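Geometric and topological summary
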Amino acid sequence: MSYSIATIPGDGIGVDVTAEAVKVLDAVLPGIAWTEFDWSCEQYLRTGAMMTPDGPRLLAEFDAILLGAVGFPGVPDHISLWGLLIPLRRAFGQYVNLRPVRLLPGTESALRDRTATDLDILIVRENSEGEYSEIGGIHNPGRPEEFVLQESVFTRVGCERIIRYAFDRARERSGRLCSATKSNGLIHSMPYWDNIFVRISTEYPDVTTRQMHVDALAAEIVLHPDRLDVIVASNLFGDILSDLAAAVTGGLGLAPSGNIDPTRTGPSMFEAVHGSAPDIAGQGIANPVAQILAGAMLLDHLGEKSAAAAVDRAVCEVLAEGSVRTPDLGGTNTTAELGSAIAKRAAEPTISA
């Protein structure tokens, strides 16, 4: 089956690592029709917009989107984020931000004496509302009584669908689900979230549940990650916890993510968790693994299970062997050399025992 996939390399190392992800996906699934869009901070500086006004309409025709990274010095982060990433997430109903974090073979955790068995967590982040809301503003600007109002939005539909999605994923894995909350400090939104979580839990008697305040949960990720499997969290909490979890499982250069519309009405979008790292852009030293694994998630979402598994296997085998590594992993190889090694391995047939 052929697919039409859009790429948005974006800024900084997003360009470098996206090229390697495309190389690997071509190795396992020849015939993908790629279309590249040059939407980026560079375009913003030229035109005043991160992407063209008809961006969502153009992307709606594709089966999936592979996004590099956005952000560059001189362009405020809220411009790059709200000018491209968040509008696309919301235009296509990508209400799930799925972030698997695990300790890959041949890599080391920042935590002492932890193994891959201890470090394998799936974070399900609400991706369309919550704390990332446009509601609010600056009032009485320039006056002594100036203040800023930033509102959070927690809808019943939004909370129910993300929590139910997380329960389904927990049921597929170990049957354990932890909800991130802060109901002792956020008097309206988090008790509302908690009540919906408890109500939906009655539909999943086979899933063991926990509710933890987000600060205690952050400590749990560091001290007892083996006690965690699937975590469901609001937009802000999920964002922070997934970066923390990625850091303790080897670094952001190894962590993929997917912005997913489970209804499949529109294209889903896949990206590395890391940012654009403009200080090392174009030097050929960025680690492409996170973006390559994002490509594996893209293939899996499209139903190409064998191809996705081949990419994942190749990443694990090349990292385990340790002969080809980028500097962040203690090696001296380039971004392209690691990408090529993974592509070559992914294309090799699997030998059955």
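These figures come from a predicted structure and were not determined experimentally.

Cut-offs applied
- Residues numbered from 1 in each chain as written.
- Predicted model: local features only at pLDDT ≥ 70, side-chain atom pairs only at ≥ 80, totals over all residues.
- Heavy atoms only, no water.
- Helix = DSSP H or I, 4+ residues; strand = E, 2+ residues; numbered from the N terminus.
- Rg over C-alpha atoms; globule rule 2.2 N^0.38 Å.
- Buried < 20%, exposed > 50% of the residue type's maximum accessible area, 1.4 Å probe, protein only.
- Contact = heavy atoms within 4.5 Å.
- Lys, Arg positive; Asp, Glu negative; His and termini not counted.
- Charge placed at Lys NZ, Arg CZ, Asp CG, Glu CD.
- Pairing = 2+ DSSP bridges.
- Axes fitted to C-alpha atoms, helices over the stretch in contact; angles between N-to-C directions.
- UniProt positions renumbered as here; feature names shortened; annotations may be inferred.
- Phe/Tyr/Trp six-rings, centres within 6.5 Å; stacked < 30°, edge-to-face > 60°.
- Parallel < 35°, antiparallel > 145°, perpendicular 65-115°, else oblique.
- Left-handed = near helix turned anticlockwise from the far one by under 90°.
- Nonpolar A, V, L, I, M, F, W, Y, C, P; charged D, E, K, R; others polar.
- Arc of directions from axis to C-beta.

1. Examining the overall build of the protein chain
Along the backbone of the protein chain there are eleven helices and twelve strands. A globule of 353 residues ought to have a C-alpha radius of gyration of about 20 Å, and the protein chain, at 20 Å, matches this closely. Taken over the C-alpha atoms alone, the protein chain extends approximately 60 × 50 × 40 Å along its principal axes. Per-residue burial over the protein chain gives 52% buried out of 353 residues. Across the protein chain, every contact between residues at least 6 apart in sequence was considered, and the portion connecting residues at least 24 apart equals 74%. Taking the average location of the 28 positive side-chain charges in the protein chain and that of its 45 negative ones, the two points are 5 Å from each other.

2. Let's talk about the pairing of strand S5 (residues 120-126)
Across the seven residues of S5, six count as buried, placing the element largely inside the fold. Note that strand S4 (residues 96-102) and S5 share seven bridges and pair antiparallel. Pairing of valine 96 across the sheet is with glutamate 126, part of S5. Strand direction decides the pairing type here: S5 and strand S10 (residues 230-233), joined by four bridges, are parallel. Note that in S10 the partner of valine 124 across the bridge is valine 232.

3. Overview of the sheet that holds S4
An order of S2-S1-S3-S12-S11-S4-S5-S10-S8-S9 is seen for the ten strands of this open sheet, with the pairing classed as mixed. Strands with a single pairing partner mark the edges of an open sheet, and in this sheet they are strand S2 (33-36) and strand S9 (208-213). For this sheet, the mean inter-axis angle between neighbouring strands, taken without regard to orientation, is 20 degrees. Here five bridges tie strand S1 (residues 4-10) to strand S3 (residues 64-69), and the two strands are oriented parallel to one another. Looking across to S3, one finds that isoleucine 8 is bridged to leucine 67. Docked against the sheet, helix H4 (residues 77-91) engages S1, S3, S4, S5, strand S11 (256-260) and strand S12 (268-272), running at close to 145 degrees with respect to S12. On top of the sheet, helix H7 (residues 214-223) reaches strand S8 (176-181), S9 and S10; it is set at about 110 degrees to S9, its chief contact.

4. Regarding the UniProt feature "domain: Isopropylmalate dehydrogenase-like" (unreviewed entry) in the protein chain
In the numbering used here, UniProt assigns the feature "domain: Isopropylmalate dehydrogenase-like" (unreviewed entry) to residues 4-342. Secondary structure content for residues 4-342 is 40% helix and 19% strand, while the C-alpha to C-alpha distance between its ends is 23 Å.

5. Notes on the packing of aromatic side chains
Counted under the stated rule, the structure contains five aromatic pairs. With a centroid separation of 6.4 Å and an interplanar angle of 90 degrees, the aromatic rings of phenylalanine 154 and tryptophan 193 are classed as edge-to-face. Residue phenylalanine 154 is located in the loop between strand S7 (147-150) and helix H5 (156-172), and its partner tryptophan 193 is located in helix H6 (residues 189-201); the two are separated by 39 residues in the primary sequence. Here phenylalanine 154 and tryptophan 193 have matching classes, each one buried.

6. Brief notes about the packing of helix H10 (residues 305-321) against helix H11 (residues 335-347)
Remark: H10 packs on H11, axes separated minimally by 8 Å, with the N-to-C direction vectors making an angle of 125 degrees. Between H10 and H11, the interaxial angle falls into the category oblique. As for how H10 packs across H11, the hand of that crossing is right-handed. The segment H10 lies against H11, with Ala310, Val311, Arg313, Ala314, Val315, Glu317, Val318 and Glu321 engaging Leu338, Ala341, Ile342, Arg345 and Ala346. Of the residues contributing to the contact of H10 with H11, the split by class is nine nonpolar, no polar and four charged.

7. Side note on H7
Given 3.6 residues per turn, any residue in an α-helix points the same way as the ones three and four places further on. Inspection of H7 places Val214, Leu217, Glu220 and Ile221 among the buried residues, and these make up the whole buried set. Projected down its long axis, H7 carries its buried residues within an arc of 105 degrees, all on one side.

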